[in-house]
Amino acid sequence: MIAIAAVDKNWGIGYKGKLLTSIPNDMKLFKNETTGNVIVMGRKTLESFPGGRPLPSRTNIVLTTYKDYKSGDAIIVHDMDGLFNKLKDYSGEKIYVIGGESIYRQLLPYCEKALITKIDFAYDADAYFPNLDKEDGWELEGESEEETYFDLCYTFTEYRNEKVKKWTSQEEN
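Residues numbered from 1 in each chain as written. Predicted model: local features only at pLDDT ≥ 70, side-chain atom pairs only at ≥ 80, totals over all residues. Heavy atoms only, no water.

Student: Can you walk me through helix α3 (residues 80–87) in this structure?
Tutor: Residues spaced three or four apart along an α-helix point in a common direction, a consequence of the helix completing one turn every 3.6 residues. Here α3 has its buried residues at Met80, Leu83, Phe84 and Leu87. An end-on view of α3 places all buried positions within 95° of arc, on one side of the element. Of the surrounding secondary structure, the elements contacted by the buried residues of α3 are β4 (38–42), β5 (59–63), β6 (75–77), β7 (95–99) and α4 (101–107). For α3, the capping residue at the N-terminal end is aspartate 79, with a side-chain oxygen 3.3 Å from the backbone nitrogen of aspartate 81. (Buried < 20%, exposed > 50% of the residue type's maximum accessible area, 1.4 Å probe, protein only. Helix = DSSP H or I, 4+ residues; strand = E, 2+ residues; numbered from the N terminus. Arc of directions from axis to C-beta. Contact = heavy atoms within 4.5 Å. Polar contact = N/O pair within 3.5 Å; in protein donor to acceptor, adjacent residues only side chain to side chain.)

Student: What am I meant to see in the environment of glutamate 146 here?
Tutor: Here glutamate 146 shows up in the loop between β10 (138–143) and β11 (147–149). On the basis of relative accessible area, glutamate 146 is assigned to the exposed category, the value being 53%. Setting aside residues no more than four positions away along its own chain, glutamate 146 makes contact with Cys153, Tyr154 and Thr155.

Student: Looking at this structure, I do not really get empty space enclosed by the protein. What am I missing?
Tutor: Applying the stated rule across the entire model yields one cavity of 30 Å³ or more. Looking at the largest cavity, its volume works out to about 50 Å³. Taken together, Ala6, Val7, Asp8, Gly12, Ile13, Leu19, Leu20, Thr21 and Ile119 make up the lining of the largest cavity. Among the residues forming the lining of the largest cavity, the class breakdown is six nonpolar, two polar and one charged. (1 Å grid on protein atoms, 1.4 Å probe; cavity = no way out; pocket = protein on both sides within 12 Å on 5 of 7 lines; lining within 4 Å. Points joined across faces, edges and corners; volume = space filled by probe spheres on them. Nonpolar A, V, L, I, M, F, W, Y, C, P; charged D, E, K, R; others polar.)

Laid out in structure tokens, this is it:
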């Protein structure tokens, strides 16, 4: 699995159910990476999309404890075992973890890498991505040249997880 997120200086990712900012090149990266692939998210992330609908041209999997939850053609799972069992159907495909905070925290140990857009600004945030610079086992593999969008400076980074857990072995534990 691959985590993908845009974070501010403090690793903030959202405020009151919305992204902190929208940078066109970051949105383009997200679309290019995830289109045609599997995306895993929580209910609140899905509901933050236009119309609260699944993203087109992707397999949308939503992890929620709401038992009767439905949203378009999204696949709904209710716990980690259900998620891992469903992901077996997509074992040959790229799987992206797209948020929110609790989903990142639960699935980050199973991600081989993380694509992080780092924004050089501190926003008011109430949702955070784990700080990979301080997380055991995560190494910065690469970073783009600094780019700007109006007065915002940002870089695209890639982190690799040296201690990735295999989600396919979840049953065996």
